[in-house]
Amino acid sequence: MTVSTEVRELSGEARYAALAARFQDVFARIAEGALERESNHVLPFEPVAWLKESGFTTIRVPAAHGGDPVSYEHLSRLLIELAAADSNVSHLLRSHFSFVETIALQPIEFRNRWFPRVLAGEIFGNAATERSGNALGTTQTKLREEEGRWLLKGEKYYTTGSIFADWVVVMASTEGREGRQYALVRVNDPKVTILDDWDGFGQPLTGTGTAIFADVEVDAGDIIQRKVTSTLEPAFFQLALLTVLVGIGHAALRDASQLVRERTRTFNTGSGSLFRDDPLIQERVGQIAAGVYAAESIVVAAARDLDAAVDPSLGLEVEAAFVRAELGVQQAHVSVPGLVLAAANELFDVTGASSTSRGKGLDRHWRNARTVATHNPVVFKARSVGDYHINGTIPTGLHSIGDAVPATTSSQGSDS
């Protein structure tokens, strides 16, 4: 499905309104079953299929490869709306949209092979992180060549989205080759096992569990070198998490408003008015709304920084483009989690003890937001931002997760 000529000629808010209308029904359908799925641990295979059928997973394919790409801003706003419907579903697509960005950075032969698959509705999961035992910058998952065949062996965790995907993008190391590689393997390969064993207290339906690769054969053309370069990939990958957080904030606001609107019981210490008419309750819901509005405004501003970084009319050099995108997203990471967590917590201040009923499932908003927020500790982002503003240090990351190297033991106080 592509955007009509009339929609394509619109600009700004009018184009986004038309774009959002295109996916409104499928988002609403996803929202209808969100509470039941999370309460009963029903993995959202059907919602993922609906999104594929709607063309949602194709909306960042470049025009040169048959797509009709939306801006980073518009994608971010759509992901926020999807996360408000079901934060698990929006989160599990993070790896897919991030790899679509990676495809665009590869040689033409790779792009010509993989973009048609994206347009056909195939989606991508992620298998990068290992529980422990791998030194920072390395992997225990290995690629090796035997008799002209490339084989992949190892075990990953935090494989968000992979259980729903057609392909999984696996980070691995190859003996004798510097750096790390991405290997693409089919999820339904008999030597690939993906488990639903994620035990986090939030985002329980994202498929963030174990993936095992038992000497899976990989096409040589489907192995790409992971390059740590000044691109927008890291910023985009982190921006996607922020959209999930803001969507959770909207869900908390939606549920708080509905519960207050429908509530007829009141407290003996209150005013005796219906909650919906009580000025103190109205003020508190207004505070929740303002916090969510601020969080969304920050994320949209960061998305616009990504759009500016790739705008050819601005003519930014590579380093300047990287800083524009990375700094915007890092600053957003410092501010947004606290705003959303506050909204998810304050929800209970306007609804009373009955809101703690397990059947209502309102605690899922805080649990889900808290889980997403832990992906990138605010303290590290704030330090990086402060270093840039004080010293002009370009924000960078380690581009890796693994066991840290212990600090050298000091010889102070020894006899030597």
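To be clear, the structure that these remarks concern was listed above.
These notes cover the structure that comes with them. Predicted model only: the values in this text are computed from it and were never measured.

Most of strand E4 (residues 167-174) is tucked away, with eight of its eight residues classed as buried. Residues Trp167, Val169, Met171 and Ser173 point to one face of E4 and Val168, Val170, Ala172 and Thr174 to the other, with burial holding for every one of them. In the sheet, strand E1 (residues 124-127) pairs with E4 via four bridges, with the strands oriented parallel. Along E4, the bridge assignment pairs phenylalanine 124 with tryptophan 167. Across two bridges, strand E2 (residues 142-146) lies against E4 in parallel orientation. Residue pairing across strands places lysine 142 opposite serine 173, the latter belonging to E4. Strand direction decides the pairing type here: E4 and strand E5 (residues 181-186), joined by six bridges, are antiparallel. Bridge pairing in E5 places valine 169 opposite leucine 184.

Let's shift gears to the nonpolar core. In this structure, Leu51, Phe56, Leu78, Leu152, Val185, Phe213 and Leu306 are the most contacted members of the largest nonpolar core, which totals 73 residues. Here the element with the most residues in this core is helix H9 (residues 233-262); it accounts for nine residues. Setting aside residues up to four positions removed in sequence, phenylalanine 213 forms contacts with Ala127, Leu152, Lys153, Gly154, Lys156, Val168, Val170, Val185, Lys191 and Val192. Membership of the second largest hydrophobic core comes to 15 residues, among which are Val100, Phe115, Phe124 and Tyr182.

Each value, and the rule that gives it
Residues numbered from 1 in each chain as written. Predicted model: local features only at pLDDT ≥ 70, side-chain atom pairs only at ≥ 80, totals over all residues. Heavy atoms only, no water. Buried < 20%, exposed > 50% of the residue type's maximum accessible area, 1.4 Å probe, protein only. Helix = DSSP H or I, 4+ residues; strand = E, 2+ residues; numbered from the N terminus. Pairing = 2+ DSSP bridges. Core = buried A, V, L, I, M, F, W, Y, C linked by side-chain atoms within 4.5 Å. Contact = heavy atoms within 4.5 Å.

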